[in-house]
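# Summary of the model geometry
Chain residues, written in single-letter form:
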Amino acid sequence: MATPVQPTTYGDAVQKYGDKRIQFDMYCQANPVNSTYKNGTAIMLDNRSGDARTIAVNGVHYVLGGYGWKILTLSSKVLPATWAVDCGSARNVSKILIQK
């Protein structure tokens, strides 16, 4: 699996991944709460808090600095797959459905 090229600025990332983005606010609440993507889709995890956050997607942890972001590719061998998203100690703040 190829890793997508990380955009160099936040503005570039929002422009490229605007409709494929999960934002986390200062209370670790996710927007959107439920999303559906095709297998192999690159999405943006977007921390809109000034505090660093640890975001877990299907049990894999990513550390996002204050107002930080990360691009990751969703890939599952078994489809459809539903992945839970955690933010810090908040569990299941979002769900991702991955389809063919």
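Residues numbered from 1 in each chain as written. Predicted model: local features only at pLDDT ≥ 70, side-chain atom pairs only at ≥ 80, totals over all residues. Heavy atoms only, no water.

### Observations regarding the side chain of Arg 53
Of note, Arg 53 is situated in strand E5 (residues 53-57). Engagement of the side chain of Arg 53 in a polar contact is seen with the backbone oxygen of Met 26, the distance being 2.6 Å. The contacts of Arg 53, once residues within four sequence positions are left out, are Asp 25, Met 26, Tyr 27, Cys 28, Asn 47, Tyr 62, Val 63, Leu 64 and Cys 87. (Helix = DSSP H or I, 4+ residues; strand = E, 2+ residues; numbered from the N terminus. Polar contact = N/O pair within 3.5 Å; in protein donor to acceptor, adjacent residues only side chain to side chain. Contact = heavy atoms within 4.5 Å.)

### As for the sheet that holds strand E7 (residues 69-73)
Spatial ordering of the open sheet is given by E2-E1-E4-E7, a layout of four strands whose pairing is mixed. Among the strands making up the open sheet, the edge pair consists of strand E2 (30-31) and E7. Both strand E1 (residues 21-24) and strand E4 (residues 42-47) contribute to a ladder of four bridges, which runs parallel. Within E4, the position partnered with Ile 22 by the bridge is Leu 45. With respect to the sheet, helix H1 (residues 10-17) is in contact with E1, E4 and E7, its orientation differing from that of E4 by roughly 130°. (Pairing = 2+ DSSP bridges. Axes fitted to C-alpha atoms, helices over the stretch in contact; angles between N-to-C directions.)

### A short note on the sheet that holds E5
Spatial strand order, E3-E9-E8-E5-E6: five strands in an open sheet with mixed pairing. Strand pairing shows two members of the sheet lacking a second neighbour, strand E3 (34-38) and strand E6 (60-64), which therefore form its edges. Here the strands of the sheet are splayed against their neighbours by 25° on average, with no regard to which way each runs. Here E5 runs beside E6; their pairing, made up of five bridges, is antiparallel. Across the sheet, the residue bridging to Arg 53 is Leu 64, located in E6.

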